[in-house]
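Chains, contacts and geometry: an overview
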Amino acid sequence: MNKQLSHIDQQGRAAMVDVSTKAVSSRVAVASGVVSFPEEVFKSLKQEQFNHEKGSIIQTAVIAGIQAVKKTADLIPLCHQLALSNIQIDIQPRENSLEIVCTVKCNERTGVEMEALTGVSVSALTIYDMCKALSHDIVINNIQLKYKSGGKSDYHR
């Protein structure tokens, strides 16, 4: 394996990747994650159609995730600012859990993997925040890149 860390310069210092010579291409990234609940908590949330006195848990998490995607470069120091074309966050109930899928698209010189992962992460944290009064046994897990296209290489999990 002849790969190297992309954000470390030849002197071993943190560095933003120079993408100025790369061609602009259509880029897509899809990330996912799961928020798992104790069975009785999930049952209660489902009965209330995932609404809470603070509002719709799912819709609030979607909006938070979209906002986070747009702020990724402010949160992760070596990420580039990107002109995003589309952000979609889908949150679906599963067995005692909510599955989050974030799809991000752009036409840029660098990919949107970090944006998709950030969208999932902040959506999950928002769900936790809105539900923590019911239980602290909520678990956020399996945040991962599922797919990316555009640029040097494509990826499919």
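Here we summarise the structure given alongside this text. (Residues numbered from 1 in each chain as written. Predicted model: local features only at pLDDT ≥ 70, side-chain atom pairs only at ≥ 80, totals over all residues. Heavy atoms only, no water.)

**Let's talk about the sheet that holds strand β6 (residues 139–149)**
Read across the open sheet, the five strands follow the order β4-β5-β1-β6-β7; overall the sheet is antiparallel. The sheet is open, and its two borders are formed by β4 (84–94) and β7 (155–156), each paired with just one other strand. Pairing of β4 with strand β5 (residues 97–108), which is carried by 10 bridges, proceeds in the antiparallel orientation. From the neighbouring strand, Ile 89 faces β5, where its bridge partner is Cys 102. In the packing of helix α2 (residues 57–70) onto the sheet, contacts are made with β4 and β5, and the angle to β4 comes to roughly 150 degrees. (Pairing = 2+ DSSP bridges. Helix = DSSP H or I, 4+ residues; strand = E, 2+ residues; numbered from the N terminus. Contact = heavy atoms within 4.5 Å. Axes fitted to C-alpha atoms, helices over the stretch in contact; angles between N-to-C directions.)

**Details of the nonpolar core**
For soluble globular proteins, the rule of thumb is that nonpolar side chains tend to be buried together. If you look at the biggest cluster of nonpolar residues, it comprises 32 residues, and the most contacted ones within it are Phe 37, Ile 91, Leu 98, Ile 100 and Ile 127. At the level of secondary structure, the elements contributing two or more residues to this core comprise β1 (25–36), α1 (39–47), α2, β4, β5 and α4 (113–131). Examining the composition of this core, we find that seven residues originate from one element, α4, more than from any other. Residues in contact with Leu 98, not counting those within four places in the same chain, are Gly 33, Val 34, Val 35, Phe 37, Phe 42, Phe 50, Ile 58, Ile 91, Gln 92, Pro 93 and Ile 127. (Core = buried A, V, L, I, M, F, W, Y, C linked by side-chain atoms within 4.5 Å. Buried < 20%, exposed > 50% of the residue type's maximum accessible area, 1.4 Å probe, protein only.)

**Thoughts on the packing of aromatic side chains**
A complete count under the given rule lists two aromatic pairs for this structure. Here Phe 37 and Phe 42 contribute two aromatic rings whose centre-to-centre distance is 6.0 Å and whose plane-to-plane angle is 40 degrees, an arrangement assigned as tilted. One aromatic cluster is present, formed by Phe 37, Phe 42 and Phe 50 through successive ring pairs. (Phe/Tyr/Trp six-rings, centres within 6.5 Å; stacked < 30°, edge-to-face > 60°.)

**A few points about the pairing of β5**
Here β1 runs beside β5; their pairing, made up of 12 bridges, is antiparallel. Each bridged residue has a counterpart across the sheet, and for Val 35 the counterpart in β5 is Leu 98. Between β4 and β5, which pair antiparallel in sequence order, lie two residues; one of them, Asn 96, sits at a positive phi of approximately 55 degrees.

Read these as spatial facts, not as claims about activity.
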